[in-house]
Amino acid sequence: MKKAWPDKRKPAADSDNAAHSNMKRYDHSRPKPARSLPLLIGRKPVLEALQQGTAVEKIFLLRTATGPEIQAIKQVAKEQNVPISQVPAEKLDSFTKAQHQGVVAWTSLLQYIDLQNAISHVVDKGEVPLFVLLDGVTDVRNVGAIARSALCCGAQGLILPTSHAASLTEEAIKTSAGALHKIMLCRIPSVPQAIDVLKLNGIQVLGTNMRGSVPVYESNMQIPTAIVMGAEDTGISKDVLKRADQLIHVPMVSQFDSLNVSVATGMILYEALRQRLVKG
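Below, the structure is looked at part by part. What you are looking at is a predicted structure, and each value in this text was computed from that prediction instead of being measured.

1. Focus: the overall build of the protein chain
Part 1 of the reasoning: Helix and strand counts for the protein chain stand at 9 helices and 11 strands.
Part 2 of the reasoning: Relative to its 280 residues, the protein chain shows a buried fraction of 48%.
Part 3 of the reasoning: For the protein chain, restricting intrachain contacts to residue pairs at least 6 apart in sequence, the fraction spanning at least 24 positions comes to 80%.
Part 4 of the reasoning: Within the structure as shown, the protein chain displays about 14,600 Å² of accessible surface, and the carbon and sulfur contribution to it stands at 51%.

Take a look at the structure:
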């Protein structure tokens with residue numbers, strides 16, 4: 001049963017910090033630092049961390065690893081929506097010189113919240129839901145920039161699938177200017193599964209596509225909305241295109257291929273904020 005949504009929402013938070021003049025510039029010519037997240041090493045430490053509720057960003061398992069502890073790690077990770085990557089021994093050895101027993105995990109710098117709980121939290125506050133769902137966005141700087149725009153434009157949550165998604169490292173947090181610490185982060189096994197949860201809660205799903213049938217300014221984002229953003233090279237997946245309630249696009253003057261995904265997200269989110277401020 002769909003929830004009754006309020007017509008008005010609280011005014012958006014002050015977004016002065018989002019001014020373009022304050023955006024950090026990155027020298028892309030310099031080599032990128034290795035991903036640095038605190039490590040958990042070994043079967044028992046990783047399993048105990050999962051069982052105790054420690055936030056884990058990603059688990060790396062030796063492809064040939066077997067045994068009851070490995071099976072337990074896989075099961076608990078699945079229950080907690082923690083991504084697992086099965087890798088060769090060389091990959092694990094690159095993380096540590098310690099005896100890793102075929103298991104290494106990155107602990108998370110951030111906390112995740114269940115998607116249903118996040119939606120309920122927004123509704124309980126009397127706000128109209130606005131979420132951003134990422135489909136195949138793997139660049140950490142893009143994710144950080146998207147989180148920054150989302151927070152400044154009034155989106156309450158960022159939804160990330162466990163596969164084909166960027167790990168939220170220090171670089172992502174730095175690019176977000178701290179927004180990743182302030183916006184709700186929801187991790188879910190797949191984008192289609194996230195869409196099912198959103199629709200069950202009466203939230204419309206807007207897919208973005210260069211050939212979308214509706215210009216972004218003609219869509220109605222005053223109602224509960226989730227915006228799906230895809231990878232720059234492939235866009236949102238075919239399954240998502242079919243599941244979306246509406247496809248939208250950002251009109252452009254030139255015939256250039258596309259906008260950067262974080263820039264496009266910011267433009268769409270600003271239109272959502274504009275519509276909601278006008279209504280308010």
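2. Re the sheet that holds strand β1 (residues 39–41)
Two strands in a sheet stick together by hydrogen bonds in their backbones, pointing the same way (parallel) or opposite ways (antiparallel).
Part 1 of the reasoning: Strand order in the open sheet formed by 4 strands is β1-β4-β2-β3, and the pairing between neighbours is mixed. Strands at the two margins of the open sheet, each flanked by one partner only, are β1 and β3 (84–87). Geometrically, the sheet is characterised by an average inter-axis angle of 20° between neighbouring strands, direction not taken into account.
Part 2 of the reasoning: In terms of strand pairing, strand β2 (residues 56–62) meets strand β4 (residues 103–107) through 5 bridges, oriented antiparallel.

3. Comments concerning the sheet that holds strand β10 (residues 225–230)
Part 1 of the reasoning: The strand order across the open sheet built from 7 strands is β7-β6-β5-β10-β8-β11-β9, with neighbouring strands paired in parallel fashion. Of all the strands in the sheet, the pair left with one neighbour each is β7 (184–188) and β9 (214–215).
Part 2 of the reasoning: Relative to β7, strand β6 (residues 157–161) is paired through 5 bridges, and the arrangement is parallel. Paired with Leu160 across the bridge in β7 is Arg187.

4. Here's the deal with the packing of helix α5 (residues 140–152) against helix α9 (residues 261–279)
Part 1 of the reasoning: At their nearest, the axes of α5 and α9 sit 9 Å apart, and the two run at 10° to each other. By the angle class used here, α5 and α9 are roughly parallel. Side by side, α5 and α9 meet where Asn142, Ala145, Ile146, Ser149, Ala150 and Cys152 of the first sit next to Val261, Ser262, Thr265, Gly266, Leu269 and Leu273 of the second.
Part 2 of the reasoning: Its residues placed into classes, the contact of α5 with α9 shows 7 nonpolar, 5 polar and no charged.

5. Brief notes about the environment of Leu180
Part 1 of the reasoning: Looking at the element boundaries, Leu180 is found in the loop between α6 (170–175) and β7.
Part 2 of the reasoning: A residue is classified by how much of its surface remains accessible, and Leu180, at 2% relative accessible area, is buried.
Part 3 of the reasoning: Sequence separation of Leu180 and Ala150 is 30 residues, and the distance between their C-alpha atoms is 9.8 Å.
Part 4 of the reasoning: Those residues in contact with Leu180, other than ones at most four positions away along the chain, are Leu110, Gly144, Ala147, Leu158, Leu168, Ala172, Ile173 and Leu185.

6. Some details on unusual backbone geometry
Part 1 of the reasoning: Residue His164 is not a glycine yet carries a positive backbone phi of 55°.
Part 2 of the reasoning: Following the sequence through the fold, His164 ends up in the loop between β6 and α6.
Part 3 of the reasoning: Its identity is not glycine, yet Ala177 carries a phi of approximately 55°, on the positive side.
Part 4 of the reasoning: Here Ala177 is to be found in the loop between α6 and β7.
Part 5 of the reasoning: Ala177 sits in the partly exposed class, given a relative accessible area of 44%.

7. Overview of the pairing of β2
Part 1 of the reasoning: Of all 7 residues making up β2, 6 are buried, and the element is well covered by its neighbours.
Part 2 of the reasoning: Inspection of the sheet shows β2 paired to β3 by 4 bridges, in the parallel sense. Across the sheet, Phe60 pairs through a bridge with Ser85, a residue of β3.
Part 3 of the reasoning: Read as a crossover between parallel neighbours, the route from β2 over helix α2 (residues 68–79) to β3 is right-handed.

8. Topic: the nonpolar core
Part 1 of the reasoning: Counting 36 residues, the largest nonpolar core has Val132, Leu134, Leu158 and Leu180 as its most contacted members.
Part 2 of the reasoning: If you list the elements that add at least two residues to this core, you get β5 (130–135), α5, β6, α6, β10 and α9.
Part 3 of the reasoning: Looking at this core, the element that brings in the most residues is α9, giving 6 residues.
Part 4 of the reasoning: Apart from residues lying up to four places away in sequence, Val132 is in contact with Ile146, Ala150, Ala155, Gly157, Leu158, Ile159, Ile227, Met229, Thr265 and Leu269.
Part 5 of the reasoning: Judged by nonpolar contacts, the second largest core, of 22 residues, contains Leu115, Val123, Leu133 and Ala226.

Thresholds, definitions, all that
Residues numbered from 1 in each chain as written. Predicted model: local features only at pLDDT ≥ 70, side-chain atom pairs only at ≥ 80, totals over all residues. Heavy atoms only, no water. Helix = DSSP H or I, 4+ residues; strand = E, 2+ residues; numbered from the N terminus. Buried < 20%, exposed > 50% of the residue type's maximum accessible area, 1.4 Å probe, protein only. Contact = heavy atoms within 4.5 Å. Areas by Shrake-Rupley, 256 points an atom, 1.4 Å probe, with all protein chains shown as cover. Pairing = 2+ DSSP bridges. Axes fitted to C-alpha atoms, helices over the stretch in contact; angles between N-to-C directions. Parallel < 35°, antiparallel > 145°, perpendicular 65-115°, else oblique. Nonpolar A, V, L, I, M, F, W, Y, C, P; charged D, E, K, R; others polar. Right-handed = clockwise from strand over helix to strand, strands pointing away. Core = buried A, V, L, I, M, F, W, Y, C linked by side-chain atoms within 4.5 Å.

Such coordinate-based values are descriptive only and should not be taken to indicate function.
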